[in-house]
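Structural features, examined
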Amino acid sequence: MAAGSARSASPVRASLSKIVTMSNGTIVTFYSYKGGVGRSFALANVAAAIASWGYRVLCIDWDLDAPGLGHYFQRPAIKSGLVDLLADVERDKSGKWERHKTWVTLAPEISFDFIAAGTPDASYVERSQQIKWHDLYETGGLAESMETWRAEWKTTYDFVLIDSRTGVTDIGALCTANLPDILVGVFTAAEQSLGGCVEIMRRAQRARFSIPFDRAALLVLPVASKFDAREEFQRAETWRDRFLRELGEFYAPWAARGLDLAAIIARTTLPYVAYWSFGEELPFLTEPPGRTDALRYY
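Here we summarise the structure given alongside this text. (Residues numbered from 1 in each chain as written. Predicted model: local features only at pLDDT ≥ 70, side-chain atom pairs only at ≥ 80, totals over all residues. Heavy atoms only, no water.)

Turning to the overall build of the protein, a few remarks are in order. Counting its regular elements, the protein contains twelve helices and seven strands. Taken against the 2.2 N^0.38 rule, which gives 19 Å for 298 residues, the C-alpha radius of gyration of the protein at 19 Å falls within 12% of a compact globule. Each principal axis of the C-alpha atoms in the protein carries an extent, and together these give about 55 × 40 × 40 Å. Residues classed as buried in the protein amount to 49% of the 298 residues present. In the protein, the share of contacts with a sequence separation of at least 24, taken over all contacts with a separation of at least 6, comes to 75%. The centroid of the 33 positive side-chain charges in the protein is displaced by 4 Å from the centroid of its 36 negative side-chain charges. (Helix = DSSP H or I, 4+ residues; strand = E, 2+ residues; numbered from the N terminus. Rg over C-alpha atoms; globule rule 2.2 N^0.38 Å. Buried < 20%, exposed > 50% of the residue type's maximum accessible area, 1.4 Å probe, protein only. Contact = heavy atoms within 4.5 Å. Lys, Arg positive; Asp, Glu negative; His and termini not counted. Charge placed at Lys NZ, Arg CZ, Asp CG, Glu CD.)

This is the structure:
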């Protein structure tokens, strides 16, 4: 199927077309306060989906402390990545990101660019720990380089998907507040996971107004993950009620008036499926389309 006809095949794709029309491209950061919630898993499946619909996609593994996005991409041959790009900036302020991308092919009609965290060799840990973030950003030209990258990414791609670091870090704000147009907060039904994610999403929205660059307001999409509503139905209902109370503020800026917030949350909750707890396979590549009981549906 041609890319053009693929894009018009469903309301979801029609909505994506509107987003792309609004700007050159859309940068989306996937963030989680805690690890192990399925953040990289969600990003990888979204990348496969929108690439299959004919969109130009770039994925970036910004989780330098625990890189692993490439495992979901069938472990492509990575010769350089983000750590090497930052080294370029530190050395001579060149920062040519094109040198450090890797072409990924998941299926005959699913291909996209990928900037890994770095070359996965014995020297990676040392090289990543040597990055002087404060010096790079304050005096090394990283702020200007990132603005250039952001503009070039939005011109070159329809969607840029960034896998962010977890927790609370100054550098993490680059991914959550500075770079994205949309922030996807991924969490599980646990106090630390939900509370921490809500706090960071609020911080990112506030920090957006202090960025010394021209930016639109940051849109936020909360995504509950690994949500088991089959075995523990009553507890699941309790947590759904909590999601309604605590997350409503994030939908208001973009959800159409009159839409049922509970229905939006239900459609954007990733259910727990035990099969996908093992390995780094992608349900989008193997599950049949159209089945509402499949993870691919969500």
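Scanning the model with the defined rule gives zero disulfides in all. Unpaired in terms of disulfides, Cys197 finds its nearest cysteine sulfur in Cys175, a separation of 14 Å. (Disulfide = S-S within 2.5 Å.)

With that out of the way, let us pick up the pairing of strand S1 (residues 26-31). Burial analysis of S1 places six of its six residues in the buried class, which makes it a mostly covered element. Side-chain alternation along S1 places Thr26, Val28 and Phe30 on one buried face and Ile27, Thr29 and Tyr31 on a second face that is also buried. Pairing analysis gives five bridges linking S1 to strand S5 (residues 159-163), with the strands arranged parallel. Across the sheet, residue Thr29 finds its bridge partner in S5, namely Ile162. Judged from the four bridges that link them, S1 and strand S6 (residues 182-187) form a sheet pairing that is parallel. From the neighbouring strand, Tyr31 faces S6, where its bridge partner is Gly185. (Pairing = 2+ DSSP bridges.)

Okay, the sheet that holds strand S7 (residues 219-224) next. In a beta sheet, neighbouring strands are held together by backbone hydrogen bonds and run either parallel or antiparallel to one another. Pairing in this open sheet of seven strands is mixed, and the strands run S3-S4-S2-S5-S1-S6-S7 from one edge to the other. The open sheet has two edge strands, strand S3 (102-107) and S7, and neither has a second partner. Neighbour to neighbour, the strand axes of the sheet diverge by 25 degrees on average, direction disregarded. Against the sheet, helix H9 (residues 191-208) makes contact with S1, S6 and S7, and its axis sits at roughly 165 degrees relative to S6, the strand it touches most. (Axes fitted to C-alpha atoms, helices over the stretch in contact; angles between N-to-C directions.)

Let us now look at the nonpolar core. Across soluble globular proteins, you tend to see nonpolar side chains buried next to one another. Val57, Cys59, Phe73, Phe112 and Leu161 are the most contacted members of the largest nonpolar core, which has 37 residues in total. Mapped by element, the contributors of at least two residues to this core are S1, helix H3 (39-52), strand S2 (57-61), S3, strand S4 (110-115), S5 and S6. A total of nine residues in this core trace back to one element, the largest contributor, which is H3. If near-sequence neighbours (up to four positions away) are discounted, Leu161 is found in contact with Val28, Phe30, Leu43, Val46, Ala47, Ile50, Val57, Leu58, Cys59 and Ile60. Ile27, Trp62, Val160 and Leu174 belong to the second largest nonpolar core, which has 28 residues in total. (Core = buried A, V, L, I, M, F, W, Y, C linked by side-chain atoms within 4.5 Å.)

Okay, helix H4 (residues 82-92) next. Those residues of H4 not exposed but buried are Leu82, Val83, Asp84, Leu85, Leu86, Asp88 and Val89. Along its buried surface, H4 packs onto S2, S4, helix H5 (124-129), helix H6 (133-138) and helix H7 (142-156). Just past H4, the residue Lys93 takes up positive phi, approximately 60 degrees.

A separate point is the packing of H4 against H7. Two elements in contact, H4 and H7, have axes whose closest approach is 10 Å; the angle formed by their N-to-C orientations is 130 degrees. Overall, the two elements H4 and H7 adopt an arrangement that is oblique. Judged by the sense of rotation from one axis to the other, the crossing of H4 with H7 is right-handed. Across from Leu85, Leu86 and Val89 in H4, the residues of H7 making contact are Leu142, Ser145 and Trp149. Among the residues forming the contact of H4 with H7, the class breakdown is five nonpolar, one polar and no charged. (Parallel < 35°, antiparallel > 145°, perpendicular 65-115°, else oblique. Left-handed = near helix turned anticlockwise from the far one by under 90°. Nonpolar A, V, L, I, M, F, W, Y, C, P; charged D, E, K, R; others polar.)

The next thing to look at is the environment of Ala274. Counting through the fold element by element, Ala274 comes out in the loop between helix H11 (261-267) and helix H12 (283-286). Spatially, the C-alpha atom of Ala274 lies 9.1 Å from that of Lys226, the residues being 48 residues apart in sequence.

Along the chain, the position of Leu261 falls in helix H11. Separated by 113 residues in sequence, Leu261 and Thr148 place their C-alpha atoms 37 Å apart. Setting aside residues no more than four positions away along its own chain, Leu261 makes contact with Leu244, Gly248 and Tyr251.

A few words on the pattern of salt bridges. Evaluation of the coordinates by the stated rule reveals 20 salt bridges. Residue Asp84 pairs with Arg127 through a salt bridge whose shortest N-O separation is 2.9 Å. Highlighted residues: Asp84 in helix H4 and Arg127 in helix H5, separated in sequence by 43 residues. Overall, the relative accessible area of 21% leaves Arg127 in the partly exposed class. Residue Arg291 pairs with Asp293 through a salt bridge whose shortest N-O separation is 3.0 Å. For Arg291, a relative accessible area of 42% gives the class partly exposed. Classification of Asp293 as partly exposed rests on a relative accessible area of 42%. Overlapping salt bridges bring together Arg39, Asp63 and Asp163 as one network. (Salt bridge = Lys/Arg side-chain N within 4 Å of Asp/Glu carboxyl O.)

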